[in-house]
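Here's the letter readout for the chains.
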Amino acid sequence: GATGPLASTIRAKLAEALEPTHLEVLDESPWHGGPPGTESHFSVVVVSGRFQGLPPLQRHRLVHAALSAELAGPLHALAIVARTPQQWESDPHAPPAPPCLGGSKHDRRRG
Amino acid sequence: MSGVVRAAWRLGAGAARGRSGRPLSQAAAGGAEGGGAEGGSGGSGSREAVERLVREHPVVVFMKGSPAQPLCGFSNAVVQILRLHGVEDYRAHDVLQDPDLRQGIKNYSNWPTIPQVYLNGEFVGGCDILLQMHQNGDLVEELKKLGIRSALLDAEKDQDKK
């Protein structure tokens, strides 16, 4: 998994908020047009019993809530796979990410 | 179909098998209220302006770029999924053209990222959730509730004929 400072923060916050049985934090920034070394686009796989009984929208909101400071800051994109331990056991694979089409290169200068 | 979708990223017609629909998940209770910089009243990012946009059409998408030329892989994924279902008539708003709308839509849904998909004025989720709904058959059901017949149902029917 990713090892930069933002990656570590993401991992720590998700671990604390959701007590996952399985957690993957992948830095996909190099594929999204940011300058080298920028941590901006991440993909997470979170397997947690906390998701039990929650529809996908609510599961994603829990993940967002854990990372609200980062999402208000440097974290520009976050792909999420949120499953219960039973779901993960029967399908321990995340879908492949859609290919980037330039992404942040199209943003105007940030204010 | 656009060549930019990687071959490995397969969206099969098998997803057309609908199952008894369950209601769209409730939006986070009260989550969309307040918080963060909002566009000025009457501005393109105000709650009123966004509310008008999401109710404009049964299918409304806030994205980067346009359906003809998406500028982000996640936005493109939404466009491709809708296209697979034969949904080409919908409202798409390019948030890159309007910073007030870009912030306003995030405030409205209390959702931090783009793209955002609204069905019948209700926030459904982003690209990940739409992909899930496509794969588990929920999208076919939700489109049916809007009076839209997914093209995948016809594709499956053709397959059955073989």
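Quick look at the structure, then. Predicted model only: the values in this text are computed from it and were never measured.

A few words now on the side chain of Ser 109 of chain B. Residues and elements named next belong to chain B. Structurally, Ser 109 is set in helix α3 (residues 99-109). Note on Ser 109: relative accessible area 5%, which makes it buried. Here the side chain of Ser 109 touches Ile 105 through a polar contact of 2.9 Å, landing on its backbone oxygen.

With that out of the way, let us pick up the side chain of Thr 113 of chain B. Locating Thr 113 of chain B in the fold gives a position in the loop between α3 and β3 (116-119). One polar contact links Thr 113 of chain B to Trp 111 of chain B, side chain to side chain, over a distance of 3.3 Å. Here Thr 113 of chain B is in contact with Leu 71, His 76, Ala 77 and Leu 78 of chain A, once residues within four sequence places are set aside.

Residues and elements named next belong to chain B. At their nearest, the axes of helix α2 (residues 73-84) and helix α4 (residues 127-136) sit 9 Å apart, and the two run at 25 degrees to each other. By the angle between their directions, the pair α2 and α4 is classed as roughly parallel. Judged by the twist between their axes, the crossing of α2 over α4 is left-handed. In this structure, α2 contributes Phe 74, Ala 77, Val 78, Ile 81 and Leu 84 to the contact, and α4 contributes Cys 127, Leu 130, Leu 131 and His 134. Among the residues making up the contact of α2 with α4, the classes are represented as 8 nonpolar, 1 polar and no charged.

We now examine α2 of chain B. The terminal C-alpha atoms of α2 of chain B, which comprises 12 residues, lie 16 Å apart, in line with the 16 Å expected from a rise of 1.5 Å per residue. The buried fraction of α2 of chain B is high, at 10 of 12 residues. For α2 of chain B, every residue scored as buried is listed here: Gly 73, Phe 74, Ser 75, Asn 76, Ala 77, Val 78, Val 79, Gln 80, Ile 81 and Leu 82 of chain B. Where α2 of chain B is buried, its residues meet β3 (77-83) of chain A together with β1 (59-63), β3, α4 and α5 (138-145) of chain B.

Locating Pro 35 of chain A in the fold gives a position in the loop between β1 (22-27) and β2 (41-47). Given the relative accessible area of 55%, Pro 35 of chain A is considered exposed.

With that out of the way, let us pick up the packing of aromatic side chains. All names here are of chain B. This structure, assessed with the given rule, holds 4 aromatic pairs over all chains. For the pair Phe 62 and Tyr 118, a centre-to-centre distance of 5.5 Å together with 80 degrees between the ring planes defines the contact as edge-to-face. In this pair, Phe 62 sits in strand β1 while Tyr 118 sits in strand β3, placing the two residues 56 residues apart along the sequence. Overall, the relative accessible area of 0% leaves Tyr 118 in the buried class. Each residue in the set Phe 62, Tyr 108, Trp 111, Tyr 118 and Phe 123 is aromatic and connected to the rest through ring pairs, giving one cluster.

What follows deals with unusual backbone geometry. All names here are of chain B. Of note, the bond from Ile 114 into Pro 115 is cis; its omega dihedral lies within 30 degrees of zero at 10 degrees. Summarising the element assignment, Pro 115 is placed in the loop between α3 and β3. With a phi close to 50 degrees, Asn 110 is a non-glycine residue in the positive phi region. When you line up the elements, Asn 110 lands in the loop between α3 and β3. Unusually for a residue other than glycine, Asn 120 sits at a positive phi of about 55 degrees.

This part takes up the nonpolar core. Core analysis: the largest hydrophobic core is formed by 39 residues, its most contacted members being Phe 62 and Tyr 118 of chain B. Counting residues per element, this core draws most heavily on α2 of chain B, which supplies 6 residues. Listed in part, the 19 residues of the second largest apolar core include Ile 10, Val 44, Phe 51 and Leu 67 of chain A.

This next bit is on the sheet that holds strand β2 (residues 91-94) of chain B. Residue and element names in this part refer to chain B. The mixed open sheet is built from 4 strands, whose spatial order is β2-β1-β3-β4. The open sheet is flanked by β2 and β4 (122-125), the only strands paired with a single partner. Taken over all neighbouring pairs, the strand axes of this sheet differ in orientation by 25 degrees on average, direction set aside. Bridge count for β1 against β2 is 4 bridges, and the pairing is parallel. Residue pairing in the sheet places Met 63 in a bridge with Asp 94 of β2. Against the sheet, α2 makes contact with β1 and β3, and its axis sits at roughly 155 degrees relative to β1, the strand it touches most.

Cut-offs and rules
Residues numbered from 1 in each chain as written. Chains lettered and ligands numbered in written order. Predicted model: local features only at pLDDT ≥ 70, side-chain atom pairs only at ≥ 80, totals over all residues. Heavy atoms only, no water. Helix = DSSP H or I, 4+ residues; strand = E, 2+ residues; numbered from the N terminus. Buried < 20%, exposed > 50% of the residue type's maximum accessible area, 1.4 Å probe, protein only. Polar contact = N/O pair within 3.5 Å; in protein donor to acceptor, adjacent residues only side chain to side chain. Contact = heavy atoms within 4.5 Å. Axes fitted to C-alpha atoms, helices over the stretch in contact; angles between N-to-C directions. Parallel < 35°, antiparallel > 145°, perpendicular 65-115°, else oblique. Left-handed = near helix turned anticlockwise from the far one by under 90°. Nonpolar A, V, L, I, M, F, W, Y, C, P; charged D, E, K, R; others polar. Expected span 1.5 Å × (residues − 1). Phe/Tyr/Trp six-rings, centres within 6.5 Å; stacked < 30°, edge-to-face > 60°. Core = buried A, V, L, I, M, F, W, Y, C linked by side-chain atoms within 4.5 Å. Pairing = 2+ DSSP bridges.

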